[in-house]
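# Structural overview for review
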Amino acid sequence: MQQTSWDVIIVGGGSAGLSAALMLGRSRRRVLVLDEGSPRNRFAGHMHGVLGRDHTSPLDLLADGRAELERYEGVTVRGGIAVDARALDDAAEPGSTAEPNGRGPRVALELADGERLHARRLLVASGLRDALPPVPGLAEQWGRGAFICPYCDGWEARDRRIAVLAASAAQVHQAQLMRQLSVDVTFFAHGAELTAEARAGLIARGISVEDRAVAAVVADDGGRLRGIRLVVGTELATDAIFAGPVPEPNDPVLRRLGADRAPHPMGGEFVVVDAMGRTSVPGVWAAGNVTDPRSSVPFAMAAGSMAGAAINADLVEEEVRAALAASVRRG
Ligand SMILES: Cc1cc2nc3c(=O)[nH]c(=O)nc-3n(C[C@H](O)[C@H](O)[C@H](O)COP(=O)(O)OP(=O)(O)OC[C@H]3O[C@@H](n4cnc5c(N)ncnc54)[C@H](O)[C@@H]3O)c2cc1C
């Protein structure tokens, strides 16, 4: 089994992971980005709200990012799935090629194919999965006719017939945001319990509330979204659906490391990080959607960039300590 050591291993090559690699590569660090290759927004033809890249392909953005990283000889981006990790004690790893080899946290990582890697620091930027409500036909529309984020895809649905397919009462807010974009918004409660206040707020702004149960999302022969069919058989025409999937962080590596997590207001438990992305585990950082389901592409980039700089600063501090210790030994 191959054993290799790096300054930093980054799990996940999306907007957060590649942005961190850019900062670290520019700091002449040996960086390995491991990427399973399934960014969250891969279903979307176009990406929005990203300055300078509005209405462009999210996959093109990542391809361009990988191409830019080729300038930095210390950075390697390749496929791979991290499945396990453990923090090593703070003794320098035997066989480490990271220089200088000062004392500090070390992390061992295991990949799905059994490969084992060592790094001085680990950044987890592995994103999340959207667990869609189990409505037949919804998954086929994801990123095409059905969306999550009003800021990402709402403008394209302006003045159209918009359906908010609720998974919980939390989506009342989403419906109110969509009302900013169209006068024709229907809130499909789909079993969500609305408070009297929430219901009154929807109706007051002209948002229809449909309490009858939803059976399926319906497409035309070309696969384009046509409407929502109710259990009673009625089909209501719609041009765009905004849904509220449950965010599930891709965090088995962080769990194995025992990083602290906390409930998130949007659902699920997410790893706790400080403003620079540092987790509760020494030597381990996290950035992007794996830390926060609200993190859009610009936020993920900023968090990755911040974490990359913070990790480099942490390594520099370790190297200062090592240099001082060496000078004391030399007398
Ligand atoms: C339908 C849809 C449309 C969207 N549209 C927009 C938009 O228009 N504008 C916008 O700003 N945001 C949009 N978003 C949000 C956007 O997807 C996220 O902000 C962004 O992907 C977060 O970047 P990230 O780097 O944190 O995660 P990701 O981009 O999800 O990258 C994480 C990477 O890590 C990999 N990975 C996961 N686990 C492992 C592992 N164990 N080992 C190795 N690799 C792993 C994944 O395969 C993936 O490649 C949209 C989201 C959805 C669902």
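All chains use their own residue numbering, which begins from 1 and follows the written sequence. Only residues with pLDDT of at least 70 are given local features in this predicted model, and only at 80 or more are side-chain atom pairs given and counted; all residues enter the totals for whole chains, interfaces and linings. Based on all heavy atoms of the structure, the side-chain values leave hydrogens and waters out of the count.

## Here's the deal with the overall build of the chain
In this text, helices come from DSSP runs of H or I with a minimum length of four residues, and strands from runs of E with a minimum of two, each type numbered from the N-terminal end. Helix and strand content of the chain: 8 helices and 19 strands. Here the C-alpha coordinates of the chain stretch approximately 85 × 40 × 35 Å along the principal axes. For the exposure calls, accessible area comes from a 1.4 Å probe over protein chains only, and a residue counts as buried if that area is under 20% of its type's maximum, exposed if over 50%, partly exposed in between. Burial analysis of the chain (331 residues in total) assigns 48% to the buried set. Pairs at least 24 residues apart make up 59% of the contacts formed inside the chain by residues separated by at least 6 positions. Two residue types count as positive, namely Lys and Arg, and two as negative, namely Asp and Glu; His and chain ends fall outside the count. Throughout, a charge is located at the NZ atom of Lys, the CZ atom of Arg, the CG atom of Asp or the CD atom of Glu. Placing the 36 positive and 41 negative side-chain charges of the chain at their respective mean positions leaves the two points 3 Å apart. Contacts are residue-level and defined by heavy atoms, with any inter-residue pair within 4.5 Å sufficient.

## Comments concerning the site of the ligand
Whether a residue is near a molecule or strand depends on its heavy atoms: if one lies within 4 Å, it is near. Taken together, 37 residues are adjacent to the ligand, and Asp-35, Ser-38, His-48, Asn-289 and Ser-295 come closest. One of the backbone nitrogen or oxygen atoms of Ser-38 is found 2.8 Å away from an oxygen atom of the ligand. Starting from 990 Å² of accessible surface for the ligand in isolation, the protein chains cover 97%. Of all the elements in the fold, those that place two or more residues in the shell around the ligand are α1 (15–25), β2 (31–35), α4 (150–153) and α8 (297–330). The dominant element in the shell around the ligand, judged by the number of residues it contributes, is α8, at 3 residues. Charged residues are taken to be Asp, Glu, Lys and Arg, nonpolar residues to be Ala, Val, Leu, Ile, Met, Phe, Trp, Tyr, Cys and Pro, and polar residues to be all remaining types, Gly included. Looking at the shell around the ligand residue by residue, the classes come out as 15 nonpolar, 17 polar and 5 charged. Counting the residues that make up the shell around the ligand, at least three belong to each of domain 1 (3–129 + 246–330) and domain 2 (133–243). Think of a polar contact as two N or O atoms within 3.5 Å of one another; within protein, one of them needs to be a possible hydrogen donor and the other a possible acceptor, and neighboring residues in sequence only count if both atoms come from side chains. With residues, only the protein chains shown are counted as cover, and all accessible areas are computed by Shrake-Rupley using a 1.4 Å probe. Domain borders in the structure are assigned automatically or taken from a domain database.

## A short note on the domain arrangement of the chain
One can read the domain layout of the chain as domain 1 (3–129 + 246–330) and domain 2 (133–243). A separation of 36 Å is found between the C-alpha centroids of domain 1 and domain 2. Contact between domain 1 and domain 2 buries roughly 530 Å² in total, counting both sides, with carbon and sulfur atoms accounting for 55%. Here the buried area means the combined drop in accessible surface, using a 1.4 Å probe, for two parts upon being joined, counting both sides. Looking at the side of domain 1 facing domain 2, the largest losses of area belong to Arg-40, Phe-43 and His-48, adding up to 72% of the total buried there.

## A closer look at the pattern of salt bridges
Salt bridges are defined by distance alone: a side-chain nitrogen of Lys or Arg within 4 Å of a carboxyl oxygen of Asp or Glu. Enumeration over the complete set of coordinates arrives at 22 salt bridges. Among the ionic pairs, Asp-292 bridges to Arg-294, the shortest N-O distance being 3.2 Å. Each of Asp-7, Arg-29, Arg-106, Arg-120, Arg-121, Arg-278, Asp-314, Glu-318 and Glu-319 takes part in salt bridges that share partners, so that together they form one network.

## Some words on the pairing of strand β7 (residues 128–131)
Of the two faces of β7, only one is covered, namely that formed by Leu-128 and Asp-130; the face formed by Arg-129 and Ala-131 stays uncovered. DSSP bridges decide pairing: two strands pair if at least two such bridges lie between them. As defined by bridge partners, β7 adjoins strand β16 (residues 246–249) across 4 bridges and the pair is classed as antiparallel. Within β16, the position partnered with Leu-128 by the bridge is Pro-249.

## Comments concerning the sheet that holds strand β14 (residues 235–237)
Sheet strands associate in pairs through backbone hydrogen bonding, adopting either a parallel or an antiparallel arrangement. Here 3 strands make up an open sheet; going across it, the order is β12-β13-β14 and the pairing antiparallel. Of all the strands in the sheet, the pair left with one neighbour each is β12 (214–219) and β14. Each strand axis lies, on average, 25 degrees off the axis of its neighbour in the sheet, ignoring direction. Direction of pairing for β12 relative to strand β13 (residues 225–230): antiparallel, over a ladder of 5 bridges. Pairing of Val-217 across the sheet is with Ile-228, part of β13. Where helices are involved, their axes are fitted lines through C-alpha atoms of the stretch in contact, as for all axes, and angles between N-to-C directions lie from 0 to 180°.

## Describing α1
Side chains that are three or four residues apart share a direction in an α-helix, a result of its 3.6 residues per turn. In terms of residue burial, α1 counts as a mostly covered element, since 9 of its 11 residues are buried. Residues of α1 that are buried include every one of Ser-15, Ala-16, Gly-17, Leu-18, Ser-19, Ala-20, Ala-21, Leu-24 and Gly-25, and no others.

## Topic: unusual backbone geometry
Its identity is not glycine, yet His-55 carries a phi of approximately 60 degrees, on the positive side. For His-190, which is not glycine, the phi dihedral falls at a positive 50 degrees. A relative accessible area of 28% means that His-190 is categorised as partly exposed.

## Let's talk about the side chain of Arg-120
Positionally, Arg-120 belongs in strand β6 (residues 116–124). Overall, Arg-120 belongs to the buried group, its relative accessible area being 0%. A polar side-chain atom of Arg-120 sits 3.1 Å from a polar atom in the side chain of Asp-7.

## What to know about the sheet that holds strand β15 (residues 240–243)
Taking strand neighbours across the sheet as the criterion, the 5 strands line up as β8-β15-β9-β10-β11 in an open arrangement whose pairing is parallel. Of all the strands in the sheet, the pair left with one neighbour each is β8 (146–147) and β11 (208–210). Where strand β9 (residues 162–165) lies against strand β10 (residues 185–188), 4 bridges are found, and the strand directions are parallel. From the neighbouring strand, Ile-162 faces β10, where its bridge partner is Val-185.

## Considerations on the packing of aromatic side chains
Two numbers describe a pair of aromatic rings. These are the distance of the centres and the angle of the planes. For Phe, Tyr and Trp, where Trp contributes only its six-membered ring, two rings pair if their centres lie within 6.5 Å, and the inter-plane angle classes them as stacked under 30 degrees, edge-to-face over 60, or tilted in between. For the coordinates displayed, the defined rule picks out 1 aromatic pair. Ring plane angle 40 degrees and centroid distance 5.6 Å describe the contact between Phe-147 and Phe-242, whose orientation is recorded as tilted. Taken together, the residues Phe-147 in strand β8 and Phe-242 in strand β15 connect sequence positions 95 residues apart. Exposure class is identical for Phe-147 and Phe-242. Each is buried. By definition here, charges over rings are those cases where NZ of Lys or CZ of Arg is within 6 Å of the ring centre and within 35 degrees of the ring normal. Above the ring of Trp-6, the side-chain terminus of Arg-30 is found at 4.3 Å from the ring centroid. Over the ring of Trp-155 we find Arg-158, and its NZ or CZ is 3.5 Å from the ring centre.

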